[in-house]
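Observations on chain architecture
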Amino acid sequence: MKRAASTGDLNGQKKSKGASDAGKKRQSTSDTAMAETSFPRGGGGSTQTPYESKGSLRKSEGETLFKKESKTPTKTPSSAEKAKSRKGQPLKASTAARTKKKKGDEKMMRRGNDIEDLDGTGSEGMRIPREVKPLRFKNVNEGMLLAGVVKEVREAEALVSLPNNLTGWVEVDHVSDELNELIESTLEDDEADAPALSDYLWPGKLVRCVVLSTATVSGKKSGSHKHVAVSLKPSLCNSGLSLGSVHAGLAVYGAVASVEDHGVKISLGTSEAEAFLPFNNIPEHLKSTMRVGQLVEGVVIGGRLATLTLDEAEMAGAVTKDVEEFSLDALQPGMLVTCGVLKVLPTGLVVRFLSSFIGTIELFHLPSLLNAPTKRDSSGEAFSPITAGYREKQKVIARIIQVDIGAKAVALSMRPHILDRTPPVFVKKGVKVGAIFEKATVVKVDPGIGMVLRLKANEGEEEEGDKKKNDKKKKDKEEEEEEAEEGKPNDDFEGWVHISNVGDGRVEKLEKSYKIGREVRCRISGFSWMDGMVTVTMKESVLEAAVMLYEELSAGDKIKARVIKVDTFGCLVALNQAADSSGVRGLVPSTHLADVTLRNPEKKLTPGKLVSCRVLWVKPGERRLVLTLKKTLVSSPLPIIASYDQIKPGVVAHGYVNKVQHNGIVVSFFGQVAGFVPRSQLDVEGESLEEAYSIGQVVKARVVSYDAENRRLKLSLKSAEEGGAEDEGVGDKAVIAIGEVVTATVTSKTEAELVVKAANGAVGRLAKEHVGDHVGLIGALFEELSAGAEVQVMGLERERGAGGVTRVTMKPSLLRAREQGALPSGSPSSASTSFYVRAVTAYGCFVGFASGLSALAPIHALSSQFVTNPGELFEVGQSVRCVVVSIEHAKFGVSLKPSVCMCPDTAFLDSLLDQERLLARLRAAAEDGGGQSATLLKAGTVLKVEAEEVLDYGPLFALPGGEAGHCPKNQLGGVDVKVGKKYQAVVLAHDGVKDMVTLSVDPALVAHLAAVKGTDKLNKASKLKPSDSVAVIVQAVLEDRVVVTLPDFGHVIALGAAQDYNLRGEAARGRFEVGKRCQAVVLGVRDGQVLVSIGTDLGTTKEVKKSKGEKDDKKGKQARAIAEELDAIGGGLASASEAKPGMEVKGVVVGVLPGYLSLRLGQNVNAHVNVTDVLDEDSDNVPDHSPLTGFKKGQVVTGRVLKGGAVGKKELAKKVEEKKGSKKAEKKKDKGGKGSVNTQPEDHALVNVSLRPSDLALPDGVAPPARPRLETLKVGATLQGFVEEIKGDCLWVRVASGLKGRVQALDASKDLDVVQDLAGSFKVGQGV
């Protein structure tokens, strides 16, 4: 099927067979306009692209790029050649016609100088332009295909970001044909709700567009606005798609036609092809969006009916193949192609892709404008040749963003966010419209047009102290220089300022006033998602504006605004001077223009007048803002009621009459808060309420009572002295006082809270998030708590208007703080105090404590790292610790930085263990009704377990008490677990939430803990005191805790916290590494269990450092430890000669090096396990890390001796040299006294051992298969190896013991990013 090109609307297209939908009449229904400034790309001159021709936009059948019927290609004369052929011929026409034709011929001849044939062959009409020109508004043609990103969704239309800062407008009826059918069906059914456009489109969604029409719309006061109407319908975008062009790896675009049992059927908008998307190929976060009419872009992975996947990695890396049936009209925006550079021009690149297509990449769609080298011309002026780093015939990867069939033009982009299908840097960093950058740097100046600026995402980050500021500035500069040298991307991004926004007045000769490298002050006024740039302004008037976003406003805020116009419905005002739709505008209703009714408001409120107003309510998502100009409300000295949370009985505030009824009036406050005033509480006697009160009238109201559950607010207009106590609804009822701890019984339960009742009848509300301190426990505890359960709670905040109900909490951290007298009831002290998160916003977190007080922790005070989204670190209800850092005007700011707030004590672990016991007791009560607390197994317990199942992540065991146990693979200790067999195991931890026991069957650890029972070492460990420093070895890292052993105390088990109140998730658990030896601080001993703090600096865990004397003594200890381990396995081998090929042996790990394990098979027998002899070769499951990371010194392993078994003295000496890091190995013998063991064996032979599971499964005496050798390798053979060394231009890969190979950078990957950054893409030990 071929896509027709047209200069008019799309209803004039010639339909091919099967393209019934492509010829329907399309009409732009949007008459809303938007003023915007497009980015210039390159120099001035004509705005018409050199290869554009209005007369050639209609595509005939003979102009198909690949025409199968044509066996002998013929060269088509160019327009310039036609013009030359007519030169000098007599013209028999009128003077006007001759003049017009002559000018047309001259224009065609000029165009001939701007383009040249592809390799001189013409190539079916595609040309190599002599200059790369960008897409501009006047060059946008109807029928043009463009890539886009949704940037705003409204009720019936959406705005789409297009290339070059253009904006497309799409109406709701141009999303998909399927959505249109749904809308039509709802119109026929009066009870059905029409689909919401926001369910189908959202900001950041990638789409493909076809241009319907363009127009320049003029307004009386707003001036001219550029309007591009587009359609997202697949039936229009895919009109050129044919079945022959669909292949595996092709990115296709369609809409959900129906939802089936196993997936969704995708309509591609053409009868020639359709697709199916299985549920298994849909990411979890997108499954809920799969509804009929939803637009979908996926990658074909095969199948007779094109099967798609939405996997982001697949979609980002799907390179379009060069298939035989590909034609120009089958090209689609979003296709990823490999290109070869044909020409490097100052204005961009000309590239060839898919064999015969020609495309252009303009300057602003090259990877970055910020990394271009700065040079100087003959006059000394600095300039940046952006294309200087490219050369002809260079291979690049680009994505198509524009296809113009009529002009035979294709534009591509190499911008990283477009290639990777990810948001631009400014989106990832949370940069907002209105952000001010004090030190933006000029990097490019286009005379008479505008400038490109370098912006730093972290420039606004608050810094403390001059020294820190200077140090950080110096460090950032050094890091930027290093990243620039290495070609690594940083957090800088480009900003574009048009010459009209450089200053409030006219700027003459931009290039004279602003040189490259100059620092300027600017403010973000908008985003261009497709270009990956922000639009900025340098106007002083905009820089000083107080508000730039609707999100910055809250109900009750007092602000200044400028009058735009007055109409019958009210007054339209602007809060800033932004020219486009990003400006904040608001409406003052006609009833809020003044305290009294104005007969001629236009005389008082003239356009441009600055007025003071107050926000009545704001809905940022809908861009709706309503304000009041009533002087009484704007200047009221009384408290402002702007939300129901601020309501307290007795409060007197100004409001306005919203409704008059026969039995009372409705009074509204700010934030759409409204209450009812009964007739008895009005100052009227016998008069009609309609005569006494008018809509909009300002009144002073007093809060009588508030029912929070039903949102009923009772008010009075009588003075406070006349109001009776009975109005408050409190009376003499018992209440739970703030800070009082009581035992209460659960009386009822909803999805969000529990209602509890104390013995004295006081009622409290316990929110779900206040059930515990630990996220993993809260859900389980809330589920088990039901009517009748007894809990200990503390009064947190009074809800007096709700009949004496108090909000309560049972968070152990707050109860503990109250017990220790550390719970603040007024302004908190500067000490670390327990709080909870009350709200999370884009600019920080509000933390709350007793009496309803709260404090703000701004975004820069949440972490020592740069934070873009506070919601990723904290959630509402989370228990936290914080420190007060500022107090100003009765408001105080706090810090939640873990490095500032963390106190190494047992609070977190105690809370965890206490609530696990409570959960176990509740579960036991639910099962047998007795409430007898279930027993949690103590860490360190040795018991007999039976293997039930062997899984990839470790075997599962059945415990004697019926519990389930799991042993991580790194705790097997070389044991080959068989289902049904019993083993000795030690309990590392018992998870009370999942009721899962973490075990270790490592023979060495089991032997240690079995031997230490009842000894002095166990007794000494239980008598450790807080602050004692001990050495620990990390054994397991679980969700909330770290299990360690104390090697100096017989390897007894101790517990540490894997997380803290303010540090959760992988950021906390990632500090610990299994098998690592660290230094820890004892926090205390609980029920005989030692509790420790590891890595209290919140950085990486600290390794134990030994003095010289300790190192000397360490040798003897290591030797004795090795002897103990060998005795545990029967003493091992007497000599290396006993190790026969195929023999199963046991050994003790004495060294873990990057490329091999060093084993001791006996006191005088050394063994070697190469990194390639640990795992079986599996091409489908190549490990991304070294298989040696799971081993540790002292671990007992089982292996099988390989053929050729021993390495001679020279080879051994080489290994010893590698181990010691010296050129010569010294032969030393330990001449110690009784009990000492030689650390160097007398027998110098080294036994080669394999730990591969397949080798261990062989019968005893059968030697494993021979390993690859250089003389046995064949060209084309596939090998599995492990990265041993990374250099700038190659990788060294170990494929066998004594055999390694080199992989050149160009052979390392097809991905150019990987080739250019081997060190960042690979790591030593990684399997390949």
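Residues numbered from 1 in each chain as written. Predicted model: local features only at pLDDT ≥ 70, side-chain atom pairs only at ≥ 80, totals over all residues. Heavy atoms only, no water.

Points about the overall build of the protein chain
Helix and strand counts for the protein chain come out as 26 helices and 62 strands. Counting across all 1328 residues of the protein chain, residues that qualify as buried make up 48%. Excluding contacts between residues fewer than 6 apart, the proportion of contacts in the protein chain whose partners are at least 24 apart in sequence is 65%. Accessible surface, the protein chain: about 64400 Å² in total, of which carbon and sulfur atoms supply 49%. (Helix = DSSP H or I, 4+ residues; strand = E, 2+ residues; numbered from the N terminus. Buried < 20%, exposed > 50% of the residue type's maximum accessible area, 1.4 Å probe, protein only. Contact = heavy atoms within 4.5 Å. Areas by Shrake-Rupley, 256 points an atom, 1.4 Å probe, with all protein chains shown as cover.)

A short note on the sheet that holds strand β9 (residues 263–270)
Taking strand neighbours around the barrel as the criterion, the five strands line up as β8-β9-β10-β12-β11 in a closed arrangement whose pairing is mixed. Averaged over all adjacent pairs, the angle separating strand axes in this sheet is 50 degrees, with direction ignored. (Pairing = 2+ DSSP bridges. Axes fitted to C-alpha atoms, helices over the stretch in contact; angles between N-to-C directions.)

Section: the side chain of Gln 878
You can see Gln 878 is positioned in the loop between β42 (854–858) and β43 (879–888). With sequence-adjacent residues up to four places away left out, Gln 878 is seen in contact with Lys 811, Phe 835, Tyr 836, Val 837, Leu 873, Tyr 1061 and Arg 1064.

Observations concerning a nonpolar patch on the surface
On the surface, a cluster of nonpolar side chains totalling about 270 Å² of accessible area is made up of Leu 1270, Leu 1273 and Leu 1279. Among the secondary structure elements, Leu 1273 is positioned in the loop between α24 (1253–1256) and β60 (1282–1286). (Patch = residues over 30% accessible without salt bridge, like charges linked within 9 Å, V, L, I, M, F, W, Y side chains within 5 Å. Salt bridge = Lys/Arg side-chain N within 4 Å of Asp/Glu carboxyl O.)

Thoughts on the packing of aromatic side chains
Considering all chains together, one arrives at nine aromatic pairs under this definition. Measuring from centroid to centroid gives 4.9 Å for Phe 426 and Phe 527, while their planes differ by 20 degrees, and the two rings are stacked. Within this pair, whereas Phe 426 is found in helix α8 (residues 425–428), its partner Phe 527 is found in strand β23 (residues 519–528), the two being separated by 101 residues in sequence. Like Phe 426, the residue Phe 527 is buried in the burial classification. (Phe/Tyr/Trp six-rings, centres within 6.5 Å; stacked < 30°, edge-to-face > 60°.)

Remarks on a negative patch on the surface
A cluster of acidic residues, Glu 181, Glu 184, Glu 188, Asp 189, Asp 190 and Glu 191, forms a negative patch on the protein surface. Judged by its relative accessible area of 38%, Asp 189 falls in the partly exposed class. (Lys, Arg positive; Asp, Glu negative; His and termini not counted. Charge placed at Lys NZ, Arg CZ, Asp CG, Glu CD.)

Remarks on the sheet that holds strand β48 (residues 982–991)
Read around the barrel, five strands follow the order β45-β46-β47-β49-β48 and close on themselves; strand pairing throughout is mixed. The sheet shows a mean angle of 50 degrees between the axes of neighbouring strands, direction not considered. Strand direction decides the pairing type here: strand β47 (residues 964–966) and strand β49 (residues 996–1000), joined by three bridges, are parallel. Each bridged residue has a counterpart across the sheet, and for Ala 964 the counterpart in β49 is Met 996. Lying over the sheet, helix α19 (residues 1003–1012) contacts β45 (942–951), β48 and β49, oriented at roughly 80 degrees with respect to β48.

Structural notes on the nonpolar core
Judged by nonpolar contacts, the single largest core of 96 residues is most densely connected at Leu 201, Ile 266, Leu 277, Leu 331, Phe 353 and Leu 412. Among the nonpolar cores identified, the runner-up in size contains 35 residues, and Met 451, Tyr 514, Val 534 and Leu 549 belong to it. (Core = buried A, V, L, I, M, F, W, Y, C linked by side-chain atoms within 4.5 Å.)

Some points on the environment of Tyr 200
Locating Tyr 200 in the fold gives a position in the loop between α3 (177–188) and β6 (206–219). Separated by 90 residues in the primary sequence, Tyr 200 and Met 290 place their C-alpha atoms 9.2 Å from one another. Contacts of Tyr 200, omitting those with residues within four sequence positions, involve Leu 179, Leu 182, Pro 195, Lys 205, Arg 291, Val 292, Gly 293 and Gln 294.

Topic: the pairing of strand β13 (residues 336–345)
Along β13, seven of the 10 residues are buried, which leaves the element largely enclosed by surrounding structure. Taken together, the five bridges between β13 and strand β18 (residues 395–404) define a ladder with antiparallel strand orientation. By the bridge assignment, Val 337 is partnered in β18 with Ala 398. In this sheet, strand β14 (residues 348–353) lies alongside β13 in antiparallel orientation, the contact comprising six bridges. Bridge pairing in β14 links Val 344 to Leu 349. Two successive antiparallel strands, β13 and β14, enclose a turn made up of two residues.

Description of the pairing of strand β27 (residues 585–589)
On a regular strand, one side chain projects to one face of the sheet and the next to the other, so that they alternate. Side chains Gly 586 and Val 588 project from β27 onto a buried face, and the interleaved Arg 585, Leu 587 and Pro 589 project onto a face without burial. Of the strand pairs in this sheet, strand β26 (residues 570–574) and β27 are connected by five bridges, and their pairing is antiparallel. Pairing of Ala 574 across the sheet is with Arg 585, part of β27.

Some details on the pattern of salt bridges
Under the defined criterion, the tally for this structure stands at 28 salt bridges. We note a salt bridge from Lys 444 to Asp 446, for which the minimum N-O separation is 2.6 Å. The pair Lys 444 / Asp 446 is uniform in exposure class, with both members buried. Arg 1267 is paired through a salt bridge with Asp 1173; the nearest N and O atoms lie 2.7 Å apart. With Arg 1267 in the loop between α24 and β60 and Asp 1173 in the loop between β57 (1165–1170) and β58 (1196–1207), this pair connects stretches of sequence that are 94 residues apart. Classification of Arg 1267 by relative accessible area gives buried; the value is 18%. Look at the salt bridges and you will find they share partners, linking Arg 208, Glu 297, Glu 312 and Arg 421 into a network.

Some thoughts on the environment of Val 652
Tracing the chain through its elements places Val 652 in strand β30 (residues 652–661). Distance in space between the C-alpha atoms of Val 652 and Ala 701 is 5.6 Å, their sequence separation being 49 residues. Apart from the residues lying within four places of it in its own chain, the contact partners of Val 652 are Leu 638, Pro 639, Lys 700, Ala 701 and Arg 702.

As for the confidence of the model for the protein chain
Residues at a pLDDT of 70 or more form 75% of the protein chain, whose mean pLDDT is 76. Confidence over residues 109–123 falls short of pLDDT 50; this stretch has 41 contacts with residues more than four positions distant or in other chains. (pLDDT = per-residue confidence, 0-100.)

Side note on unusual backbone geometry
A positive phi angle is found at Asn 164, which is not glycine, with a value near 65 degrees. Under the relative-accessibility criterion, Asn 164 is labelled buried at 1%.

Some points on the environment of Ile 266
Tracing the backbone through its elements, the reader meets Ile 266 in strand β9. For the pair formed by Ile 266 and Ala 255, sequence separation is 11 residues and the distance between their alpha carbons is 5.5 Å. When neighbours within four sequence positions are excluded, Ile 266 is seen to be in contact with Gly 254, Ala 255, Val 256, Ala 257, Glu 274, Ala 275, Leu 277, Val 296 and Leu 308.

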